[in-house]
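# Examination of the molecular architecture
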Amino acid sequence: MNKPTDKNLTLSIDIGGTNTAFGIIDAEGNILCRGSHPTTGHNSFNDYIKSMRSTVEASLTEAGIDYDRLAAIGVGAPCLNCDTGVIEGAVNLPWPSPLPLTQSLTETFSLPAVGDNDANAAALGEMCFGAVKGLDNFIMITLGTGVGSAIICDGHLLRGHRGLAGELGHTLIRRGNDARQCNCGRRGCLDAYVSAGGVVNTARELLAESDRPSALRSVETLHAKAIAQAAEAGDELAQEVFRLTGEILGEACADFVAISSPQAFVFFGGVANAFHLFEQTLRSSFNRNLLWVYEGQTEFIKSTLPLADSALLGAAASARVRLGL
């Protein structure tokens, strides 16, 4: 029996420690309406879920959208096990774990619900709505506070055992006692070099190595955005930071090609907003380190998903792909 053609909307939910954002998204990735609901201030997790339904229904009514047009729920949340739909050990939420998130949503909204982590959801969002729509093989790399990643291979998200596949940010790009300490406890992870914190540490190292003039010396709190702004303004040391970032990322991507032979790498996140500052060195480093059989087969693309909407679009895409909508 075919689904009604108008039952094609996804309720997309992004749960944060203080606030929960939601949106109603169609099959083309258009956000038809959106709203928010407080995460805190409820007597229990069940009360939170039930009151969220009331908030969503009010938004649907205001937007003139029939509840019966909803086909599924896609949700993103901290510490969410995408296989079980259970939140495990989330310290920034007001309830003790474990929390049966997708089960509670399904029971309360009478809709199938699935959840995913942010990197996987971002990759599925790109595949459904973004710059690589139509590609079956690509690697999504999120350059933000940390380095997240997800691998789409033959049109499917590579999940692996317990859903932990594709953590490319914690592959070792440098080895030895001189390699940078990573937040995971090891040394030399890609995350320690090309995340926002990695960019800052590269700048600090360059500033300490010499007395080269740089506007960064007068920045009270050094952060990746300030370094990008200085590079844009012509600061040579700041430009060197992004050159080195591109060099290291290019080396890593050359190795990653051997894992799944992607048609493209897609870059997303705050550091990726400075893509133009390291794209050239990324490409040259990649080509220099690439195994010859893969030459000329891989594109580098900056994400086209709006950063502010990426979590909602990614959760919606996850629901559409995993539930076959």
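Residues numbered from 1 in each chain as written. Predicted model: local features only at pLDDT ≥ 70, side-chain atom pairs only at ≥ 80, totals over all residues. Heavy atoms only, no water.

### Notes on the packing of aromatic side chains
Taken as a whole and assessed by the stated rule, the structure comprises 11 aromatic pairs. Here the aromatic rings of phenylalanine 265 and phenylalanine 267 are separated by 6.4 Å at their centres, their planes lie at 20 degrees, and the arrangement is stacked. Its relative accessible area of 0% is what places phenylalanine 265 among the buried residues. (Phe/Tyr/Trp six-rings, centres within 6.5 Å; stacked < 30°, edge-to-face > 60°. Buried < 20%, exposed > 50% of the residue type's maximum accessible area, 1.4 Å probe, protein only.)

### What about unusual backbone geometry?
Between serine 97 and proline 98 the backbone carries a cis peptide bond, its omega angle lying at 5 degrees. Tracing the chain through its elements places proline 98 in the loop between strand 6 (86–87) and helix 2 (101–109). In this structure, aspartate 154 is a non-glycine residue whose phi angle is positive, near 55 degrees. Tracing the sequence through the fold places aspartate 154 in the loop between strand 9 (147–153) and strand 10 (156–157). Of note, the phi angle at serine 261 is positive, near 50 degrees, even though the residue is not glycine. Within the secondary structure, serine 261 is located in the loop between helix 7 (236–260) and strand 11 (264–268). Looking at serine 261, the relative accessible area reads 34%, which means it is partly exposed. (Helix = DSSP H or I, 4+ residues; strand = E, 2+ residues; numbered from the N terminus.)

### Quick notes on the packing of helix 6 (residues 224–232) against helix 7
Close contact between helix 6 and helix 7 brings their axes to 7 Å; oriented N to C, the two are set at 115 degrees. At the point where helix 6 passes helix 7, the crossing takes the left-handed sense. The segment helix 6 lies against helix 7, with Ala224, Ile227, Ala228, Ala230 and Ala231 engaging Ala238, Gln239, Val241 and Phe242. Of the residues belonging to the contact of helix 6 with helix 7, the class tally is eight nonpolar, one polar and no charged. (Axes fitted to C-alpha atoms, helices over the stretch in contact; angles between N-to-C directions. Left-handed = near helix turned anticlockwise from the far one by under 90°. Contact = heavy atoms within 4.5 Å. Nonpolar A, V, L, I, M, F, W, Y, C, P; charged D, E, K, R; others polar.)

### Quick notes on the sheet that holds strand 3 (residues 31–38)
Overall, mixed pairing links the five strands, which are arranged 3-2-1-4-7 in an open sheet. Edge positions in the sheet fall to strand 3 and strand 7 (113–115), since each has one partner strand and no second. The sheet shows a mean angle of 20 degrees between the axes of neighbouring strands, taken without regard to direction. Where helix 1 (residues 45–63) meets the sheet, it contacts strand 1 (9–15), strand 2 (19–25), strand 3 and strand 4 (70–76), and its direction lies at approximately 145 degrees from that of strand 3. Packed onto the sheet, helix 9 (residues 310–323) meets strand 1, strand 2, strand 3, strand 4 and strand 7 and runs at close to 130 degrees relative to strand 1. (Pairing = 2+ DSSP bridges.)

### Concerning the environment of asparagine 117
Mapping asparagine 117 onto the fold places it in the loop between strand 7 and helix 3 (118–129). Using a relative accessible area of 27% as the deciding quantity, one classes asparagine 117 as partly exposed.

### Description of the environment of glycine 296
Here glycine 296 is to be found in the loop between helix 8 (275–289) and strand 12 (299–302). Spatially, the C-alpha atoms of glycine 296 and alanine 179 are 31 Å apart, while their sequence positions differ by 117 residues.

### Describing the pattern of salt bridges
If you walk through the whole model with that rule in mind, you get 10 salt bridges. Where arginine 34 meets aspartate 309, a salt bridge forms, and the shortest distance between an N and an O atom there is 2.8 Å. Of this pair, arginine 34 sits in strand 3 while aspartate 309 sits in the loop between strand 12 and helix 9, and the two are 275 residues apart along the sequence. One salt bridge in this structure joins arginine 283 and glutamate 279, with 2.8 Å as the shortest N-O distance. Here arginine 283 and its partner glutamate 279 are both found in helix 8, four residues apart, which amounts to about one turn of the helix. (Salt bridge = Lys/Arg side-chain N within 4 Å of Asp/Glu carboxyl O.)

### Observations concerning the side chain of aspartate 116
Looking at the secondary structure, you find aspartate 116 in the loop between strand 7 and helix 3. By relative accessible area, which is 3% here, aspartate 116 ends up buried. Among the polar contacts listed, one links the side chain of aspartate 116 to the side chain of asparagine 120, at a separation of 3.3 Å. Of the polar contacts made by the side chain of aspartate 116, one reaches the side chain of serine 318; its length is 3.0 Å. (Polar contact = N/O pair within 3.5 Å; in protein donor to acceptor, adjacent residues only side chain to side chain.)

### Some details on the confidence of the model for the protein
Per-chain confidence: the protein averages 91 in pLDDT, with 98% of residues scoring 70 or above. For residues 1–5, every residue scores under 50 in pLDDT, and the model assigns this stretch one contact once sequence neighbours within four places are set aside. (pLDDT = per-residue confidence, 0-100.)

### A look at a nonpolar patch on the surface
Together, Leu291, Trp292 and Val293 line one region of the surface with nonpolar side chains, adding up to about 350 Å² of accessible area. Here tryptophan 292 lies in the loop between helix 8 and strand 12. The class of tryptophan 292 is exposed, set by a relative accessible area of 65%. (Patch = residues over 30% accessible without salt bridge, like charges linked within 9 Å, V, L, I, M, F, W, Y side chains within 5 Å. Areas by Shrake-Rupley, 256 points an atom, 1.4 Å probe, with all protein chains shown as cover.)

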